[in-house]
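# Close look at the chain arrangement
Now for the letters of each chain:
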Amino acid sequence: MSSPVSQPQRIDFHGMPAIHLRAPDGAEAIVMEHGAHIVSWKPAGGVERLYLSPDAVFSEGKAIRGGVPVIFPQFGDRGPLQGHGFARNQVWEVVASRAGEDHAMAHLCLRDSDASRALWPHQFLLELTLSISGARLDIELECSNPGSEPISFMAALHTYLAVREVEQASLQGLHGQRYYDAVKKKDMRETGTELVIEEETDRVYFDTRNPLLLKEPHRALAIQSERLPDTVVWNPWVERSIKFSDFPDKGFRHMLCVEAATIEHPVQLAAQHSWWGRQTLMAL
Ligand SMILES: O=P(O)(O)OC[C@H]1O[C@@H](O)[C@H](O)[C@@H](O)[C@@H]1O
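Residues numbered from 1 in each chain as written. Predicted model: local features only at pLDDT ≥ 70, side-chain atom pairs only at ≥ 80, totals over all residues. Heavy atoms only, no water.

As annotated in an unreviewed UniProt entry, the chain is Putative glucose-6-phosphate 1-epimerase from Uliginosibacterium sediminicola. Per UniProt, the chain has the following entry under Sequence similarities (unreviewed entry): "Belongs to the glucose-6-phosphate 1-epimerase family." Its UniProt record, at the heading Catalytic activity (unreviewed entry), says of the chain: "alpha-D-glucose 6-phosphate = beta-D-glucose 6-phosphate". (UniProt positions renumbered as here; feature names shortened; annotations may be inferred.)

As structure tokens, then:
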């Protein structure tokens with residue numbers, strides 16, 4: 001039975017403002033103003049499904065290790081900007097948040113500012129809407145171009161998924177896909193029907209069309225994306241983990257990033273137009 005509707009609460013999360021969403025069916029999520037960063041998602045009746053590093057740093061201008069960083073307007077070092085762009089390091093504005101009979105949602109936005117234009121001289125309006133209901137989390141990213149010149153950008157929802165033990169998890173749905181292996185620095189094609197992480201893995205799978213399934217011995221998660229054609233699979237494994245000051249040495253065992261992205265073909269957005277992309281997670 002559903003509980004009465006409780007409206008989203010403004011909370012303090014590690015010293016920074018955030019919104020706690022709760023749907024009447026018990027699904028919960030927390031999104032921060034910093035980066036519109038989703039740091040927690042628990043499906044109805046379930047446990048935490050996002051990985052948040054216990055050593056994550058919550059500080060102005062710094063990226064948070066874990067949850068769902070929003071990557072914009074550059075992926076990684078594929079351009080002149082700081083790694084993964086600036087959107088994850090800026091404070092977003094909360095436009096709306098509410099709970100209805102069968103869901104709860106929040107809508108945040110980031111506009112260009114003196115700070116962003118100093119890094120990237122373009123006008124933009126970036127909007128993130130997350131919605132939770134039952135076993136499902138929908139994350140939608142929208143970008144509008146209010147200016148008079150076209151803009152071009154990459155974007156990703158850099159989702160850190162929690163797994164009990166990464167070597168016992170497998171990711172299905174990538175068979176036959178072309179990818180760039182950033183560890184081996186080679187273009188490759190996926191030959192396996194399931195991907196098991198047993199070493200440092202940093203891959204961009206291009207033009208992925210199938211839904212993905214992250215299977216663990218005791219549960220599974222379906223991952224779908226729309227209009228975010230590339231999928232990044234990342235696990236830093238032993239040696240790279242040690243180099244991160246905001247990540248425990250053994251943290252890699254309990255996470256896997258499966259990121260919905262547009263990297264190979266940056267979005268070309270004409271003046272006065274908008275674009276959107278979405279990632280949906282469904283706990284099974
Ligand atoms: O440390 P950051 O900037 O959050 O990036 C983490 C990882 O993000 C992944 O998306 C990249 O493919 C990796 O190459 C990168 O190491």
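## Points about the nonpolar core
Judged by nonpolar contacts, the single largest core of 71 residues is most densely connected at Trp 92, Leu 128, Leu 130 and Phe 153. Tallying contributions element by element places strand β20 (residues 255-269) first for this core, with seven residues. Apart from the residues lying within four places of it in its own chain, the contact partners of Trp 92 are Glu 33, Gly 35, Ala 36, Val 70, Ala 87, Leu 108, Cys 109, Leu 110, Leu 126, Glu 127, Leu 128 and Leu 141. (Core = buried A, V, L, I, M, F, W, Y, C linked by side-chain atoms within 4.5 Å. Buried < 20%, exposed > 50% of the residue type's maximum accessible area, 1.4 Å probe, protein only. Helix = DSSP H or I, 4+ residues; strand = E, 2+ residues; numbered from the N terminus. Contact = heavy atoms within 4.5 Å.)

## Some details on the side chain of Gln 74
Relative to the elements of secondary structure, Gln 74 occurs in the loop between β5 (70-71) and β6 (93-99). Engagement of the side chain of Gln 74 in a polar contact is seen with the backbone nitrogen of Leu 81, the distance being 2.7 Å. Not counting the four nearest positions on each side in its chain, Gln 74 is found in contact with Gly 79, Pro 80, Leu 81, Gln 82, His 84, Gly 85 and Met 154. (Polar contact = N/O pair within 3.5 Å; in protein donor to acceptor, adjacent residues only side chain to side chain.)

## Section: the packing of aromatic side chains
If you walk through the whole model with that rule in mind, you get 15 aromatic pairs. With a centroid separation of 6.3 Å and an interplanar angle of 90 degrees, the aromatic rings of Phe 72 and Phe 86 are classed as edge-to-face. With Phe 72 in the loop between β5 and β6 and Phe 86 in the loop between β5 and β6, this residue pair connects regions lying 14 residues apart in the sequence. Given the relative accessible area of 1%, Phe 86 is considered buried. Ring centres of Phe 72 and Phe 124 lie 5.3 Å apart, and the angle between their planes is 55 degrees; on these two criteria the pair is classed as tilted. (Phe/Tyr/Trp six-rings, centres within 6.5 Å; stacked < 30°, edge-to-face > 60°.)

## So, the sheet that holds strand β1 (residues 9-13)
With antiparallel pairing, the four strands of this open sheet are ordered in space as β1-β2-β3-β4. A single partner strand is all that each edge strand has here, and the edge strands are β1 and β4 (38-42). For this sheet, the mean inter-axis angle between neighbouring strands, taken without regard to orientation, is 25 degrees. Examined bridge by bridge, strand β3 (residues 28-32) and β4 share four bridges and lie antiparallel to one another. The residue of β4 that forms the bridge with Ile 30 is Ser 40. (Pairing = 2+ DSSP bridges. Axes fitted to C-alpha atoms, helices over the stretch in contact; angles between N-to-C directions.)

## Thoughts on the site of the ligand
In the vicinity of the ligand, the contacting residues are Arg 65, Phe 75, His 84, Arg 88, His 158, Asp 202, Val 232, Trp 234, Arg 240, Phe 244 and Glu 259. A distance of 2.5 Å separates an oxygen atom of the ligand from a polar side-chain atom of Asp 202. Contact with the protein chains covers 80% of the free accessible surface of the ligand, which is 390 Å². Split by residue class, the shell around the ligand holds four nonpolar, two polar and five charged. (Near = heavy atom within 4 Å. Areas by Shrake-Rupley, 256 points an atom, 1.4 Å probe, with all protein chains shown as cover. Nonpolar A, V, L, I, M, F, W, Y, C, P; charged D, E, K, R; others polar.)

## So, the pairing of β1
Two strands pair when backbone bridges link them, and β1 and strand β2 (residues 16-22) are joined in this way by five bridges, in the antiparallel orientation. Considered in β2, the bridge of Ile 11 is made with Ala 18. Counted between consecutive antiparallel strands, the loop separating β1 from β2 contains two residues, among which His 14 sits at a positive phi close to 50 degrees.

## What about the sheet that holds strand β7 (residues 104-111)?
Ordered in space as β6-β7-β8-β9-β21-β18-β17-β12-β15, the nine strands form an open sheet in which the pairing is antiparallel. Edge strands, defined here as strands with exactly one partner in the open sheet, are β6 and β15 (194-195). Here β7 runs beside strand β8 (residues 125-133); their pairing, made up of eight bridges, is antiparallel. The partner of Ala 104 across the bridge, within β8, is Ile 132.

## What to know about the state of the cysteines
All chains considered together, the criterion is met by zero disulfides. Among the cysteines around Cys 143, which has no disulfide bond, Cys 109 carries the closest sulfur, lying 12 Å off. (Disulfide = S-S within 2.5 Å.)

## Thoughts on the side chain of Thr 208
Along the chain, the position of Thr 208 falls in the loop between β16 (201-205) and β17 (212-216). There is a polar contact of 2.8 Å between the side chain of Thr 208 and the side chain of Thr 231. Not counting residues within four places of it along the chain, the set of residues in contact with Thr 208 comprises Leu 174, Gln 177, Pro 229, Asp 230 and Thr 231.

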